[in-house]
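The lines below spell out each chain.
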Amino acid sequence: MQSTEKLRNVAIIAHVDHGKTTLVDAMFRQAGLFRDNQEVEKRIMDNMDLERERGITISAKNCSVQRGDVKINIIDTPGHADFGGEVERSLSMADGAILLVDAAEGPLPQTRFVLGKALDRGLTIIVVVNKIDRSDARPAEVLDEIYDLFIDLDASEDQLDFPVLYAIGRDGTASHELKTPGENLDPIFDAILNQLPAPKVDSTKAFKMLVADLGYSDYLGRLAVGRVAAGMVHESDQLVCVGENGKPRPLRVTRLQGYNGPRLEPVDGAVAGDIVVLSGIEDVTIGDTIATMDDHAPLPRIRVDEPTVSMTFSINTSPLAGTEGSIVQAGKIYERLQRETLNNVAMRVEKTDDKEAFLVSGRGEFQMAILVEQMRREGFELTVGRPQVIMKHIDGKLQEPIEHVFVDCDEVFMGIVTEKLSMRKGRMSNMVNHGSGRVRIEFSVPSRGLIGYRDEFLTDTKGTGILNSLLEGYGDHRGDFPTRRSGSIVCDRKGKAVAYAIFHLEPRGEIIVEPGDPVYDGMVVGERNKAGDIDVNPTKEKKLTNMRASGKDEAIILTPVKPMTLERALHFIAEDELVEVTPKSIRLRKIALTAQDRRRGEKIKKGIA
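Residues numbered from 1 in each chain as written. Predicted model: local features only at pLDDT ≥ 70, side-chain atom pairs only at ≥ 80, totals over all residues. Heavy atoms only, no water.

**Student:** Provide a residue-level description of the packing of aromatic side chains, including the pertinent values.
**Tutor:** Taken as a whole and judged by the stated rule, the model has 4 aromatic pairs. In this structure an aromatic cluster arises from ring pairing among Y147, F150 and F162. The ring of Y334 has K351 lying over it, and the distance from NZ or CZ to the ring centre is 4.8 Å. Here the guanidinium or amino end of K392 rests over the ring plane of Y474, the centre of that ring lying 4.5 Å away. (Phe/Tyr/Trp six-rings, centres within 6.5 Å; stacked < 30°, edge-to-face > 60°. Lys NZ or Arg CZ within 6 Å of the ring centre and 35° of its normal.)

In structure tokens, the structure reads:
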């Protein structure tokens, strides 16, 4: 095995909002990718609309910078636990990693997850304590917490001997010493070149590459992205693609591309250790091996953790079906879901007994919500059910996924948070009070206990609390608990909501429709302030007479309606409800639309009929 000294492959890993993408922006600028007077958007690597809107990285992306005569391939990874599959496949292309940790928040759940995956792969780690300019920064304590985390994850002695840098990613500065202000990112570039190993490859063997990512071009078709494991490749080479069944399928490299900054550029050839993009085969999936016909023994496939949450996707069957979306057919929905599994190795799609419904499994409800949001923006119209955790029977015992939950909130909210999580079968495992007025509490909570709780948590902490979670694994089933105390306010007829009717319904609970919104029999129009559902008529208008009296015709003032987001809708719905999603609207509805069908279903459930 030889080292390719002219190459470095590094992944940037961190928790959400610790500054990965901002740091990559600064590395681009200082590597000379842009002119001094060139206007460049912030967070270049977050090129999806959803990523820019939400301020998070959803999918892992590749880019590169040139430092002298060394090409540095950079993989920007997601920071949310629900997109862990993206991290696992992207780490397969890296030889080292930069672990970015916020100087105030310290290591958080996703920090533990991504670091654990990197250490398992034997990657060399560079630690960067970022945002040291924050008023509440505590870099010395955070560094101690990072060492504790490495030890807790059984890091080797070599891995524990990591270099530490202190950075302000927004300003593009880094330094080796906390007291010495940084001037640029040279310390990070130098650490990548001097501390991270060059790719260990065998250039004498025949070409082989493991497909770690997929793309699509209108001109070139399917694109296979991966790191060259051995040999060399050139445009027009005759190769084969080996899938999970082990059978080789012939392909010819119609275009070979490499990364220059965030852009793809054609290259004549690529050597072992480099990250390249091949086009010339349509039938390819993540984990396949591309090799020569003479030596096509497959490389070990990318394996990711199993899904823990499932949701039912089906066609829209409401009275308003087909009025707002352009893609409504079950076949088209299934094709789109299958296409998602090609790019997302952590997601599964299965057909159900109902030909117009499909079971989608993934890492968490946030990952599901992102998929639904992407589909509605593409013109799809569909309904989705409440997220359900995936149970297992292990050694004859019912087991469920358990989350390690980290809560950061003001001291005054500690009681209500502990009470609510205890009701959901949560168990407190640790509490730290730094004397700053805020406390950090750790809980062990069933995954199903967190579904629907995050919005409630923000309300209870008046928007100041931070809740993060990490999947611990499967544990014994902890028993049943109430998921929602309130009932639903359900419309009993088709029409349009009227201000007069809504005004008189407000004492019953929180209304989620506005005057003029279309409603129908079985549509949920609000959350009742008591248990149990209630059927109402939100289309009722004021009876008109020819009599007038002072004080009888004041203008009706309604309580402002909080916008219904997809995540809020998924958290809100009960077992017998669905979310109707269209490109223009998000509505809530009962599975059985008519009151008669719902009563019949209740009787069947109780064994009366």
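**Student:** Got a sec to walk through the sheet that holds strand 11 (residues 221-230)? Specific residues and values, please.
**Tutor:** Strands sit in the order 14-13-19-10-11-18-15-16 across an open sheet of 8 strands; the sheet is antiparallel. This sheet does not close on itself; its edge strands, each paired only once, are strand 14 (248-252) and strand 16 (263-266). Averaged over neighbouring strand pairs, the angle between their axes works out to 40° when direction is ignored. Alignment of strand 15 (residues 255-260) against strand 18 (residues 275-279), held across 4 bridges, turns out to be antiparallel. Counted as the bridge partner of G258 is V276 from strand 18. (Pairing = 2+ DSSP bridges. Helix = DSSP H or I, 4+ residues; strand = E, 2+ residues; numbered from the N terminus. Axes fitted to C-alpha atoms, helices over the stretch in contact; angles between N-to-C directions.)

**Student:** Residues and numbers for the pattern of salt bridges, please.
**Tutor:** Applying the stated criterion to the full structure yields 37 salt bridges. A salt bridge links R438 to D408; the shortest N-O distance between them is 2.8 Å. Of this pair, R438 sits in strand 28 (residues 438-446) while D408 sits in strand 26 (residues 397-410); the two residues are 30 residues apart in sequence, bridging distant segments of the chain. A relative accessible area of 25% places R438 in the partly exposed class. Residues participating in the shared-partner salt-bridge network are D102, E105, K131, R134 and D136. (Salt bridge = Lys/Arg side-chain N within 4 Å of Asp/Glu carboxyl O. Buried < 20%, exposed > 50% of the residue type's maximum accessible area, 1.4 Å probe, protein only.)

**Student:** Got a sec to walk through the nonpolar core? Specific residues and values, please.
**Tutor:** In terms of nonpolar packing, the biggest core is built from 62 residues, with I125, F150 and I290 touching the most fellow members. With residues up to four places along the chain from it excluded, the contact list for I290 reads F207, K208, M209, V211, A224, L239, V240, C241, L251 and L278. Counting 31 residues, the second-largest nonpolar core is a separate cluster that includes V384, I512, A569 and I573. (Core = buried A, V, L, I, M, F, W, Y, C linked by side-chain atoms within 4.5 Å. Contact = heavy atoms within 4.5 Å.)

Read these as layout, nothing more, since geometry by itself doesn't imply function.
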